[in-house]
Amino acid sequence: MKKKFFVSMLSLSMIAGLLAGCGQGSSSDSSSDSGDSSSSSTVDDSASDDSASDDSSADDTAADSNGDVTITFMASQDWIQDAEMELGEKFTEETGIKVDYQIVPSDQYESLLMTKINSGECTDLFAGQSSKFSIVTQFNVEKNAVDLSGESWAGNVDPAAAEELSVDGKLYGQPIQDVSACWAVGYNISMFEEHGLKIPTNNAEFCEVCDKLLEAGITPIYECVSDGWHHVCWTEAAISATQADPGYPDALNDNKATFAGNAELTKMFTQIKEWADKGYMGDNYMSNQYADAPAAIASGEYAMVLYNQGLGAEVNAVDSSFSPDNIGFFVNPLCDNQALNVNYCGPSRFVYSGSQNIDAAKKYLEFMASDESLAYMTENVSKFNQLPYTNAPSAYSDVIQDFYDRYPNKVAVFQASVKYYNPAWMDIGKDMSALFLDEMSPEEVLEDIDKLRGEQAAAASDPAWQ
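Residues numbered from 1 in each chain as written. Predicted model: local features only at pLDDT ≥ 70, side-chain atom pairs only at ≥ 80, totals over all residues. Heavy atoms only, no water.

(A) Quick peek at helix H17 (residues 398–406). Buried residues of H17: Ile400, Phe403 and Tyr404, and no others. Down the axis of H17, the smallest arc covering the buried residues is 95 degrees, so these residues share one side. In H17, the exposed positions angled more than 90 degrees off the buried face are occupied by Asp398 and Asp405. Next to the buried residues of H17 lie strand S8 (184–188), strand S11 (327–330) and strand S12 (340–342). (Buried < 20%, exposed > 50% of the residue type's maximum accessible area, 1.4 Å probe, protein only. Helix = DSSP H or I, 4+ residues; strand = E, 2+ residues; numbered from the N terminus. Arc of directions from axis to C-beta. Contact = heavy atoms within 4.5 Å.)

Right under this line is the structure:
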């Protein structure tokens, strides 16, 4: 499979220079060295917030003996791709400004980021999930981030993505990833054909598929609870509650409704617990890791995984004999969902307002939003098919386009439509782990989400909760 790649104004000399930076490890290997001019580092799993803060705060205004500026950029694992670090090297060549990428394990990132922001010791650039709700209640971007509305690239950001990064018409962030991609069930097409399986259109049909795979000695679903966040992506099926009651998200935002007691959400958590109990996720789903998903699918031991639309290329990278076009997709079938879950929120770059290197950080954002950089990211990151910029190329394969065409009904996920849901993501992950281990019931998980949202609302002095 090749991407249908349409590029205009792409400099051949730029591409030649960029290709010289290739060859580092997978983006999941966040300790890989990206060269002399820009670097990446990780915060060790056992490092405390205080020690991590001390280690990096000295770098915030770092300069080498020649007076070259180094900007620091902290992000969660898997948010910064190898291709971005390669562009970072090119940025250094052109400007003399070095980039120190500080990659933090995903289960520690949110806590460490908020510690740094609240202590006034944040890195020059920090990554955070966009959301018109979260950037106010969680990051307080009007205080802690720089207004980017006047930057040359700001007008190129897709309006829907820009809305999730704006407060009172001012843009505070820059999208990092493709928000057109969604979490869907990626499946081995030839395996389905071999066993006479069809794309399921509801939960009952999905269970029938899983039962037949188990009978054939194949683990139906690769799940990886240990990362803390991936299994929560299944809850994007909560859009079924919106379809049952289009006013439900607004009622939640006005504190006139709760998660607890909602029939669709109770069904969602009940069904995913049933999947685990029936063995659909295998024996090791609590300890599996997200980074191993492509290899797990390539092995033939597993048939499906909840993933974005770059899965085919990533499996092919593990096993070149496995065609990228042998991975198809269908929507998450929990609650009999048949709508496409859309989300214009995603990892984004912010310039810390307390940075001593604001101008240098802005130059980095300008570079990353250029025609050439967006084209390079699209060509070299398999899951990036349409970055949210008007000057970004489009690169959908036939298989992926077929997937999108199959589901014309699109519904916004709770991360984008419901206040205080996204900040509770990792805590919901802990509750779901307890659910799998029979330590919490579906109703208790929903009650805890209400509690978590209430705490966020109180911290934000939300009048609906007063």
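What follows picks up the thread again.
(B) Region of the structure containing the confidence of the model for the protein. Per-residue confidence for the protein gives a mean pLDDT of 88; residues scoring 70 or more make up 86%. This model gives residues 1–37 a pLDDT under 50, and the stretch forms 78 contacts once residues within four places in sequence are excluded. Predicted confidence is poor over residues 44–66, with pLDDT under 50, and the contacts of this stretch with residues over four places away or in other chains come to 35 contacts. (pLDDT = per-residue confidence, 0-100.)

(C) Up close: the packing of helix H12 (residues 263–277) against helix H19 (residues 425–436). Close contact between H12 and H19 brings their axes to 10 Å; oriented N to C, the two are set at 55 degrees. Considering the angle they form, H12 stands oblique to H19. Judged by the twist between their axes, the crossing of H12 over H19 is right-handed. Residue-level inspection shows Phe269, Ile272, Lys273 and Ala276 of H12 in contact with H19, the latter providing Met432, Leu435 and Phe436. Its residues placed into classes, the contact of H12 with H19 shows 6 nonpolar, no polar and 1 charged. (Axes fitted to C-alpha atoms, helices over the stretch in contact; angles between N-to-C directions. Parallel < 35°, antiparallel > 145°, perpendicular 65-115°, else oblique. Left-handed = near helix turned anticlockwise from the far one by under 90°. Nonpolar A, V, L, I, M, F, W, Y, C, P; charged D, E, K, R; others polar.)

(D) Seen up close, the nonpolar core. With 80 residues, the main nonpolar core has Phe259, Leu265, Trp275, Met304, Phe403 and Phe414 as its most contacted residues. Not counting residues within four places of it along the chain, the set of residues in contact with leucine 265 comprises Ala238, Ala241, Tyr248, Phe259, Phe414 and Leu446. If you look at the next biggest cluster of nonpolar residues, it comprises 58 residues, including Leu87, Leu125, Ile135 and Ala161. (Core = buried A, V, L, I, M, F, W, Y, C linked by side-chain atoms within 4.5 Å.)

(E) Examining the pattern of salt bridges more closely. Scanning the model with the defined rule gives 9 salt bridges in all. Of the charged contacts, one joins glutamate 84 and arginine 349 as a salt bridge, the two residues approaching to 3.0 Å between their closest N and O atoms. Of this pair, glutamate 84 sits in helix H3 (residues 82–95) while arginine 349 sits in strand S13 (residues 347–351), and the two are 265 residues apart along the sequence. The pair formed by glutamate 84 and arginine 349 is uniform in burial state, with each residue classed as buried. A salt bridge links lysine 273 to aspartate 277; its shortest N-O distance comes to 2.7 Å. On the criterion of helical spacing, the pair formed by lysine 273 and aspartate 277 is a turn pair, its members being 4 residues apart in helix H12. (Salt bridge = Lys/Arg side-chain N within 4 Å of Asp/Glu carboxyl O.)

(F) Representation of the packing of aromatic side chains. A full pass over the atoms with the stated rule returns 31 aromatic pairs. With a centroid separation of 6.3 Å and 65 degrees between ring planes, the pair formed by tryptophan 183 and tyrosine 290 is classed as edge-to-face. With a gap of 107 residues between them, tryptophan 183 in the loop between strand S7 (174–175) and S8 and tyrosine 290 in the loop between H12 and helix H13 (293–299) connect regions that are remote in the sequence. By relative accessible area, which is 18% here, tryptophan 183 ends up buried. (Phe/Tyr/Trp six-rings, centres within 6.5 Å; stacked < 30°, edge-to-face > 60°.)

(G) Structural view of unusual backbone geometry. Here the phi dihedral of asparagine 255 falls at roughly 60 degrees; this positive angle occurs in a residue that is not glycine. Tracing the backbone through its elements, the reader meets asparagine 255 in the loop between helix H11 (248–253) and H12. Phi at aspartate 336 takes a positive value of approximately 60 degrees, unusual for a residue other than glycine. Examined against the element boundaries, aspartate 336 turns out to sit in the loop between S11 and S12. Given the relative accessible area of 42%, aspartate 336 is considered partly exposed.

(H) Quick look at the side chain of aspartate 431. Looking at where aspartate 431 falls in the secondary structure, it is placed in helix H19. No salt bridge forms around the buried aspartate 431; measuring N to O, its nearest opposite-charge neighbour lysine 430 is 8.5 Å away. Those residues in contact with aspartate 431 that sit more than four places away from it in its chain are Met440, Val445 and Asp448. (Lys, Arg positive; Asp, Glu negative; His and termini not counted.)

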